[in-house]
Amino acid sequence: MASGRCRQWVGRLGLIGMLAACSAQPLAIDPATRVAVPAGWSASEAAGAGAAMTDEAALSSWWLRFDDPQLAALVAEALNANTRVLGAVAALRQAEALRDVAAAALWPTLDASASTQRPNTGGHNVQAGVDGNWVIDIFGARRAAIDAGASVARASAASLGDIRVQIAAEVALNYILLRTAEARSAIAAGNLLSQQETLQITRWRQQAGLVTVLETDQAQAAVEQNRAQLPLLQTSIVQTRHALAVLGGQPPEALPAAVAAQAVARVPQARDGLRLRIPAETLRQRADVRAAEYQVAAALARVGQARAQRWPSFSIGGSLGVGTAAGGAIGTGSAVLASLLASVTLPLFDGGARRAQVRVQQAALAQAEQVYRAAVLGALQQVEDARVALHGDRLRLDSLQRASIAAADAAGLARQRYRSGLIDFQSVLETQRTQFATEDGVASARADLGRDQVQLFKALGGGWSDDPGVPSP
């Protein structure tokens, strides 16, 4: 008889749950928070040509387009051993565990207990039992908690991807800085040798009475000024090596043995011949935009959870116990006790706490929506800025390369004429300064161009992929 009444209660509660699910009002994101994504980029296609790619799998490993094995090795090591990456992995595991905790709340709970007692009359009293309880999720509060936990886990995974993007870009930028400092150091050393040769010629001409000590002092000053640049560049080289080592999860002094200096200093640049993705596809590729989107979904689920908690809650509880009298054994003369209870809890008065909790979650949703809008707008700006910078630095590099060739020819011709006594020392000094400035400018422009490429790859979301078919770096 008791079991029949139990089935009737379960059937009634299940019917109530079905009706509540059918009458639930879906929640939606406020249309005012949506961003009008442009159909294309504002700058011309030529401005970004050679700087992005349409293949998502290739974009996830964009650093390979620099054709530098050491750069590829440094990025791979950082993505596996960087402290921020490992911390994000731990955060993802925590979010997944919390999601599983929320999912477990949908299931009944069972607890077993056992006790024994020895009375003064001798023997033992043994009792064993099982208690169960099931809170039926009629209005979807617990399902909303699961949805929130799942969205947070997805957001955590996307945040991990965003950190991978940032770390890959930081490694590439520091590597470009390292190679730039080495290239500038080589240029400074070459110009120092040239100025030392000019100084020696000036001394010979002074000994011959063709120039005064003034020209010799000027040549000596030019040599020392150039020599003073070398310690600064060497300091930058060492500090950048330290930064690369720490990015790879190593002590600062661990990198010099791993990254050998190049015989001919070369500032890495990415291969050309690739096209930009449209803005909508770029936003879907951006890990930070994806994480902000998942956070909106989590906030939306929490609003639903807060609303559902204002409604009654239903639960079914029961217990089954077995006990023996003193000196008996379970199964012989045992007493079986069973109980079943269905309960309803209806919130009557809480001072407005539940209603206020709904407003709290609605405000949190509004904040998450604005964070999402900011992420979208920031992503669009970063791509546009990187494309403009890339186009400008390409033009600047072309002009500086032509200027460097002309300055080198002028400096060589000036030295020849100075040996022959056809021009004064001021002309030689000026052409040498121009040569050094233009050569150093070419190295800096190449570095800026490489940095622009890295920034554009980063702005496009390169460095991660949420496609299960594409392995993570």
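It should be emphasised that the depicted structure is a prediction, and the values quoted were computed from it without experimental measurement.

Basis of the calculations
Residues numbered from 1 in each chain as written. Predicted model: local features only at pLDDT ≥ 70, side-chain atom pairs only at ≥ 80, totals over all residues. Heavy atoms only, no water. Helix = DSSP H or I, 4+ residues; strand = E, 2+ residues; numbered from the N terminus. Buried < 20%, exposed > 50% of the residue type's maximum accessible area, 1.4 Å probe, protein only. Contact = heavy atoms within 4.5 Å. Areas by Shrake-Rupley, 256 points an atom, 1.4 Å probe, with all protein chains shown as cover. Salt bridge = Lys/Arg side-chain N within 4 Å of Asp/Glu carboxyl O. Expected span 1.5 Å × (residues − 1). Polar contact = N/O pair within 3.5 Å; in protein donor to acceptor, adjacent residues only side chain to side chain. Pairing = 2+ DSSP bridges. Phe/Tyr/Trp six-rings, centres within 6.5 Å; stacked < 30°, edge-to-face > 60°. Lys NZ or Arg CZ within 6 Å of the ring centre and 35° of its normal.

(A) Up close: the overall build of the protein. Within the protein one finds eleven helices and four strands. Taking all 473 residues of the protein together, 39% fall into the buried category. For the protein, the share of sequence-separated contacts (at least 6 apart) that also reach a separation of at least 24 residues comes to 83%. For the protein, the exposed surface amounts to about 24,900 Å²; the carbon and sulfur share of it is 58%.

(B) The arrangement of the pattern of salt bridges in detail. Considering all chains together, one arrives at 13 salt bridges under this definition. Note that Glu 182 and Arg 179 form a salt bridge whose closest N and O atoms lie 2.7 Å from each other. Placement of both Glu 182 and Arg 179 in helix 6 (residues 141-207) is noted, with a separation of three residues, approximately one turn of the helix. The same class applies to Glu 182 and to Arg 179, which are both buried. The salt bridge partner of Glu 182 is Arg 241, with a shortest N-O separation of 3.5 Å. Remark: Arg 241 occurs in helix 7 (residues 213-247) and Glu 182 occurs in helix 6; sequence separation between them is 59 residues. When sorted by exposure, Glu 182 lands in the same class as Arg 241, which is buried. Among the ionic contacts, a cluster of salt bridges with common partners joins Asp 393, Arg 396, Asp 448 and Arg 451.

(C) Main features of the side chain of Asp 440. Mapping Asp 440 onto the fold places it in helix 11 (residues 425-459). Overall, the relative accessible area of 14% leaves Asp 440 in the buried class. Dropping the residues within four chain positions of it, Asp 440 is found in contact with Arg 184 and Ile 187.

(D) Helix 5 (residues 83-104), seen in detail. With 22 residues, helix 5 ought to run about 32 Å at 1.5 Å a step, and its terminal C-alpha atoms sit 32 Å apart, in line with that. As for helix 5, its buried residues are in contact with helix 4 (69-81) and helix 6. Of the residues flanking the start of helix 5, the one acting as N-cap is Asn 82, its side-chain oxygen 2.8 Å from the backbone nitrogen of Arg 84.

(E) Structural view of the environment of Thr 431. Within the fold, Thr 431 resides in helix 11. The buried category is assigned to Thr 431, whose relative accessible area is 19%. Contacts of Thr 431, omitting those with residues within four sequence positions, involve Ala 410, Ala 411 and Ala 414.

(F) Just the pairing of strand 1 (residues 109-117), in detail. Of all the nine residues making up strand 1, zero are buried; the element is thus mostly uncovered. Two strands pair when backbone bridges link them, and strand 1 and strand 2 (residues 125-136) are joined in this way by nine bridges, in the antiparallel orientation. Bridging across to strand 2, Asp 111 finds its partner in Asp 131.

(G) Spotlight on the packing of aromatic side chains. Under the defined criterion, the tally for this structure stands at six aromatic pairs. The interplanar angle of 10 degrees and the centroid separation of 5.3 Å between the aromatic rings of Trp 62 and Phe 457 together place this pair among those described as stacked. Within this pair, whereas Trp 62 is found in the loop between helix 3 (56-59) and helix 4, its partner Phe 457 is found in helix 11, the two being separated by 395 residues in sequence. Judged by its relative accessible area of 0%, Phe 457 is buried. Chaining the aromatic ring pairs together yields one cluster made of Trp 62, Trp 63, Phe 66 and Phe 457. For the cation-ring pair, Arg 205 lies above Tyr 418, with the distance from its terminal atom to the ring centre recorded as 4.8 Å.

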